[in-house]
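# Descriptive structure summary
What follows is each chain in one-letter form.
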Amino acid sequence: LSRGLGDVYKRQAIYKYYYKLRIKAFGLGESIEASISINGEKWRLSSKEEIALWICKGYVLNMDFPEVIYLNDEVRYVFKEVTTSNGHKYQSQPLLYTVITPTIIHIHYDAQYLVQVASNYGKPYGYGWYDEGEIAHIGLNSGLYYYNQSIRYVFERWSGDLNTSKLSFTINVDKPKRVIALWNEQYCISLVFKNLRGTLIVNPELVTIMFQNNTRV
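First things first, this report covers the structure right here in the doc. (Residues numbered from 1 in each chain as written. Predicted model: local features only at pLDDT ≥ 70, side-chain atom pairs only at ≥ 80, totals over all residues. Heavy atoms only, no water.)

Grouped together as the largest cluster of nonpolar side chains are 45 residues, with contacts concentrated most on Ile23, Met63, Phe65 and Ile107. No other element matches strand E10 (residues 103-118), which puts seven residues into this core. Not counting residues up to four positions away in its chain, the partners in contact with isoleucine 107 are Ile23, Lys24, Ala25, Phe26, Leu45, Met63, Phe65, Phe79, Glu81 and Val82. (Core = buried A, V, L, I, M, F, W, Y, C linked by side-chain atoms within 4.5 Å. Buried < 20%, exposed > 50% of the residue type's maximum accessible area, 1.4 Å probe, protein only. Helix = DSSP H or I, 4+ residues; strand = E, 2+ residues; numbered from the N terminus. Contact = heavy atoms within 4.5 Å.)

Shown next as structure tokens:
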């Protein structure tokens, strides 16, 4: 390229706007880390540190993050919603977000605890996962369980994280809970009254008494 005398060349600098994007997690335990995907690239998300990126104006972010994060078998964190510093809310994923201003994205999780209800007899209810602070209604469908015509089990009390003799109760789920139903075994003793010869039944014909296990008669 040759340039003659008097020729003028102009150069123009073109700049693009880049905005700072900050991503924070809320509700996760201090020791929890989760893997999230931002436009196919993996990042580590935690409550301790935020993810900071410079993103070109108008760029569309595709964010994918876990619905459930397990700390152990009894504690987990469940996705609730995404909020942004400019007032938007999202409750589904993957999240598609167009960057038009500097933005802080908050990913919110709720802690959940496992409530375990154990019983050898009857049908317990109220077990499962609960949000932190939720009230669990726990109990048994019946306080009597007949094994056969001679043996039955009678509910005595609950043990574990709550001691009560009530068949059903409520409990505040502020941590993992485990309760166990305790039962007493009872036997049926039938008394038949006869004369000395054993040939004639004397009134009353039949008396039935239920005794607990290890009860002396």
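Pairing is antiparallel in the open sheet, where three strands are placed in the order E11-E13-E16. Across the chains shown, the open sheet's two edge strands, defined by having one partner strand only, are strand E11 (124-125) and strand E16 (168-172). Pairing between strand E13 (residues 135-140) and E16: five bridges, direction antiparallel. Within E16, the position partnered with isoleucine 138 by the bridge is phenylalanine 169. (Pairing = 2+ DSSP bridges.)

Counted by the stated rule, this structure contains eleven aromatic pairs. Consider the rings of tyrosine 121 and tryptophan 183, whose centres lie 5.7 Å apart with planes at 80°: the pair is edge-to-face. Of this pair, tyrosine 121 sits in the loop between E10 and E11 while tryptophan 183 is found in strand E17 (residues 177-191), placing the two residues 62 residues apart along the sequence. A relative accessible area of 13% means that tryptophan 183 is categorised as buried. Three or more aromatic residues link up through ring pairs in this structure, and these residues are Tyr121, Tyr145, Tyr153, Phe155, Trp158, Phe169 and Trp183. Between the NZ or CZ atom of lysine 57 and the centre of the ring of tyrosine 17, over which it lies, the distance is 5.5 Å. (Phe/Tyr/Trp six-rings, centres within 6.5 Å; stacked < 30°, edge-to-face > 60°. Lys NZ or Arg CZ within 6 Å of the ring centre and 35° of its normal.)

What follows concerns the environment of glutamine 116. Within the secondary structure layout, glutamine 116 lies in strand E10. Judged by its relative accessible area of 24%, glutamine 116 is partly exposed. Counting along the chain gives 60 residues from glutamine 116 to proline 176, while the straight-line C-alpha distance between them is 8.2 Å. Discounting residues that sit within four places of it in the chain, glutamine 116 has contacts with Glu74, Lys177, Arg178 and Val179.

Moving on, we come to the pattern of salt bridges. If you walk through the whole model with that rule in mind, you get five salt bridges. We note a salt bridge from glutamate 156 to arginine 157, for which the minimum N-O separation is 3.9 Å. With a shortest N-O distance of 3.1 Å, lysine 177 and aspartate 174 are connected by a salt bridge. Three or more residues are tied together by salt bridges with common partners; here these are Arg22, Lys24 and Glu50. (Salt bridge = Lys/Arg side-chain N within 4 Å of Asp/Glu carboxyl O.)

Attention now moves to the environment of serine 150. In this fold, serine 150 is placed in the loop between strand E14 (144-146) and strand E15 (151-160). It is 7.7 Å that separates the C-alpha atoms of serine 150 and isoleucine 189, two residues lying 39 residues apart in sequence. Leave out the neighbours within four places in its chain, and serine 150 touches Gln186, Tyr187 and Cys188.

Once that is clear, we can look at the side chain of serine 46. Relative to the helices and strands, serine 46 resides in strand E3 (residues 41-46). Among the residues examined, serine 46 registers a relative accessible area of 9% and is labelled buried. In terms of polar contacts, serine 46 uses its side chain to reach the backbone amide nitrogen of lysine 48, at 3.4 Å. A distance of 3.4 Å separates a polar atom in the side chain of serine 46 from the backbone nitrogen of glutamate 49. The residues contacting serine 46, other than those within four sequence positions of it, are Ala25, Ile32 and Glu33. (Polar contact = N/O pair within 3.5 Å; in protein donor to acceptor, adjacent residues only side chain to side chain.)

By themselves, these observations are geometric and do not establish any function.
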